[in-house]
Amino acid sequence: MEQTITARYPSNIALVKYWGKHGRQLPCNASLSMTLSRAYTEVTLQLTEKKSKDTELDYYFEGQRNEAFQERVLQYVSRQEAFSELLQHHALRIDSYNSFPHSAGIASSASAFAAIAAVLLRACSPVPDTSFEQEAGSLARLGSGSACRSFYGPYALWGDLDGVAQSSDRYAIPVEAIHPHFRSMHDAILIVEDKPKTVSSSVGHALMNHHPYAEARFRDANRHCLEMITILKDGDFTSFISITEREALSLHAMMMTSVDYYMLIKPETVHIINQIFQFRKDTGLPLCFTLDAGPNVHLLYPEYIKEDVQAFLEHHLRSSLKSVIYDQAGTGGSISLNDRHGAI
Ligand code: PMV
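Residues numbered from 1 in each chain as written. Predicted model: local features only at pLDDT ≥ 70, side-chain atom pairs only at ≥ 80, totals over all residues. Heavy atoms only, no water.

**A short note on the overall build of the protein chain**
At step 1: Each helix and strand counted, the protein chain has ten helices and 15 strands in total.
At step 2: Relative to its length of 344 residues, the protein chain is compact, with a C-alpha radius of gyration of 20 Å against a globular reference of 20 Å.
At step 3: Principal-axis analysis of the C-alpha atoms gives the protein chain an extent of 65 × 40 × 40 Å.
At step 4: Taking all 344 residues of the protein chain together, the buried fraction comes to 52%.
At step 5: Long-range contacts, defined here as pairs at least 24 residues apart, represent 74% of the contacts in the protein chain between residues at least 6 apart. (Helix = DSSP H or I, 4+ residues; strand = E, 2+ residues; numbered from the N terminus. Rg over C-alpha atoms; globule rule 2.2 N^0.38 Å. Buried < 20%, exposed > 50% of the residue type's maximum accessible area, 1.4 Å probe, protein only. Contact = heavy atoms within 4.5 Å.)

Listed below in structure tokens is the structure:
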């Protein structure tokens with residue numbers, strides 16, 4: 001019998017960054033992210049009867065066979081004990097679509113591995129709904145660390161933190177108490193470059209192994225996570241801005257001070273950051289930036305200053321930007337099952 005399972009999971013943007021890992025994709029420090037809503041990956045898994053003894057897995061990205069990602073997914077699926085029965089008995093076809101363009105500063109591996117892990121786990125023996133996210137998160141993490149944070153929204157914490165119940169290095173947990181202002185946060189992704197990055201995140205994580213500032217960085221990030229949990233509860237924008245921007249700059253400072261140092265930010269990135277500083281100083285409005293491992297700038301702001309931000313982008317940044325992707329905080333993913341008789 002043929003069965004298809006479809007999942008749609010969003011990407012996320014870290015406020016407190018995960019940078020450095022050990023063991024089986026375990027983080028060297030805790031991280032805390034905002035889940036997006038419009039930037040998502042939709043994955044459909046089709047299961048049919050297997051015709052040969054070999055592993056049968058076909059991967060299509062936006063309707064086209066994608067050999068490079070197929071290899072990564074195949075390795076990922078074959079290495080997980082949890083999926084071995086599935087691979088033994090079925091031929092798998094995975095179709096994947098992104099709602100956002102490539103190389104736009106949106107972590108596509110986070111949304112993709114969240115969705116891939118979710119459909120595969122759903123296809124395995126039933127997992128109780130109470131632990132589905134935890135289980136799927138822990139499997140998604142093995143494909144891309146930050147993927148485990150895409151299971152909860154609007155904010156998720158990943159990493160074992162003293163004093164935070166249920167926190168774990170294996171999966172993320174939702175940050176429960178959120179002030180209304182932080183529930184409606186927007187993220188305008190300011191694109192200055194739309195080419196793939198020159199140094200992968202895996203290389204960046206590995207460079208933290210012998211980084212002279214590693215221990216201080218890991219300590220800082222853990223403290224920032226604890227502080228951010230309180231900030232999100234209290235609605236304290238001043239502290240939110242301070243931690244979020246310091247985190248973004250620390251991430252890039254780590255890259256620039258690694259033994260094999262490198263730089264991903266561009267002159268336009270610095271120009272935009274300075275414009276944000278100036279606009280905030282002039283208006284007193286609560287907006288700030290963060291950066292992923294790339295040159296594009298994520299501009300974060302609450303719903304109620306939406307119009308001011310649009311005017312700012314129009315008047316001060318128009319000539320520095322290739323494009324802008326508007327997104328906002330979301331609540332996580334969804335999954336649906338069909339057999340050949342229709343939805344069940
Ligand atoms: O999940 P990975 O291995 O792609 O690493 C993500 C690293 C950052 O995006 C730079 C930070 C983060 O916490 O998402």
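**What about the layout of surface pockets?**
At step 1: Taken as a whole, the largest pocket encloses approximately 1,300 Å³ of empty space.
At step 2: Along its surface, the largest pocket is lined by 47 residues, and Ala-107, Ser-108, Ser-109, Lys-197 and Ser-201 are the ones closest to its centre.
At step 3: Elements that contribute at least two residues to the lining of the largest pocket include exactly strand E1 (3–16), strand E5 (57–61), helix H1 (67–79), strand E7 (90–98), helix H3 (108–123) and helix H6 (201–207).
At step 4: In terms of residue class, the lining of the largest pocket is built from 18 nonpolar, 21 polar and eight charged.
At step 5: Per-domain counts for the lining of the largest pocket show at least three residues from each of domain 1 (2–176 + 333–339) and domain 2 (180–328).
At step 6: Residue lining of the second largest pocket: 14 residues in total, with Val-164, Ile-173, Pro-174, Val-175 and Glu-176 positioned closest to the centre.
At step 7: Of all the secondary structure elements, the ones that give two or more residues to the lining of the second largest pocket are strand E9 (172–174) and helix H7 (214–234).
At step 8: Among the elements that take part in the lining of the second largest pocket, E9 stands out by supplying three residues, more than any other. (1 Å grid on protein atoms, 1.4 Å probe; cavity = no way out; pocket = protein on both sides within 12 Å on 5 of 7 lines; lining within 4 Å. Points joined across faces, edges and corners; volume = space filled by probe spheres on them. Nonpolar A, V, L, I, M, F, W, Y, C, P; charged D, E, K, R; others polar. Domains from an automatic or database assignment.)

**Section: unusual backbone geometry**
At step 1: Geometrically, the link from Gly-153 to Pro-154 is a cis peptide bond, its omega value of 0 degrees lying close to zero.
At step 2: With respect to the element layout, Pro-154 can be found in the loop between helix H4 (129–141) and strand E8 (155–158).

**A look at the site of the ligand**
At step 1: Around the ligand, the neighbouring residues are Ala-14, Lys-17, Tyr-18, Trp-19, Ser-144, Gly-145, Ser-146, Arg-149, His-205, Leu-251, Asp-292 and Ala-293.
At step 2: Between the ligand and Asp-292 there is a distance of 2.6 Å, counted from an oxygen atom to a side-chain nitrogen or oxygen.
At step 3: In the complex, 90% of the free accessible area of the ligand, which totals 390 Å², lies under the protein chains.
At step 4: The cavity where the ligand resides is the largest pocket. (Near = heavy atom within 4 Å. Polar contact = N/O pair within 3.5 Å; in protein donor to acceptor, adjacent residues only side chain to side chain. Areas by Shrake-Rupley, 256 points an atom, 1.4 Å probe, with all protein chains shown as cover. Sits in = over half its atoms within 2 Å of the grid points.)

**A few points about the packing of H1 against H3**
At step 1: For the pair H1 and H3, the least separation of the axes is 12 Å and the interaxial angle reads 45 degrees. Comparing the axis directions of H1 and H3 gives the class oblique. Between H1 and H3 the crossing geometry is right-handed. Along its contact with H1, which presents Phe-69, Arg-72, Val-73, Tyr-76 and Val-77, the element H3 presents Ser-109, Ala-112, Phe-113, Ile-116, Ala-117 and Leu-120.
At step 2: Broken down by class, the residue content of the contact of H1 with H3 amounts to nine nonpolar, one polar and one charged. (Axes fitted to C-alpha atoms, helices over the stretch in contact; angles between N-to-C directions. Parallel < 35°, antiparallel > 145°, perpendicular 65-115°, else oblique. Left-handed = near helix turned anticlockwise from the far one by under 90°.)

**Brief notes about the side chain of Ser-167**
At step 1: Within the element layout of this structure, Ser-167 appears in the loop between E8 and E9.
At step 2: Taking the relative accessible area as the measure of exposure, Ser-167 reaches 12% and is therefore buried.
At step 3: Within the structure, the side chain of Ser-167 is placed 3.0 Å from the backbone nitrogen of Leu-161, a separation counted as a polar contact.
At step 4: For Ser-167, the contacting residues outside a window of four places in its chain are Leu-157, Gly-159, Asp-160, Leu-161 and Ile-173.

**Focus: the packing of aromatic side chains**
At step 1: Under the counting rule described, the total for this entry stands at eleven aromatic pairs.
At step 2: For the ring pair Tyr-76 and Phe-113, a centre distance of 5.1 Å and an interplane angle of 75 degrees mean the geometry is edge-to-face. With Tyr-76 in helix H1 and Phe-113 in helix H3, the pair connects residues that are 37 residues apart, well separated along the chain.
At step 3: For Tyr-76, a relative accessible area of 5% gives the class buried. (Phe/Tyr/Trp six-rings, centres within 6.5 Å; stacked < 30°, edge-to-face > 60°.)

**Here's the deal with the sheet that holds strand E10 (residues 185–191)**
At step 1: Taken together, four strands build an open sheet; the order of strands is E11-E12-E10-E13 and the sheet is antiparallel. Each end of this open sheet is capped by a strand with a single partner; those strands are strand E11 (288–291) and strand E13 (323–328). Between one strand and the next, the sheet's axes are offset by a mean angle of 25 degrees, whatever the strand orientation.
At step 2: Inspection of the sheet shows E10 paired to E13 by six bridges, in the antiparallel sense. Residue pairing across strands places His-186 opposite Gln-328, the latter belonging to E13.
At step 3: Across the sheet, helix H8 (residues 237–256) touches E10, E11 and strand E12 (297–302), and the angle it forms with E11 is around 30 degrees.
At step 4: Against the sheet, helix H10 (residues 306–317) engages E10, E12 and E13, with an angle of about 145 degrees to E12. (Pairing = 2+ DSSP bridges.)

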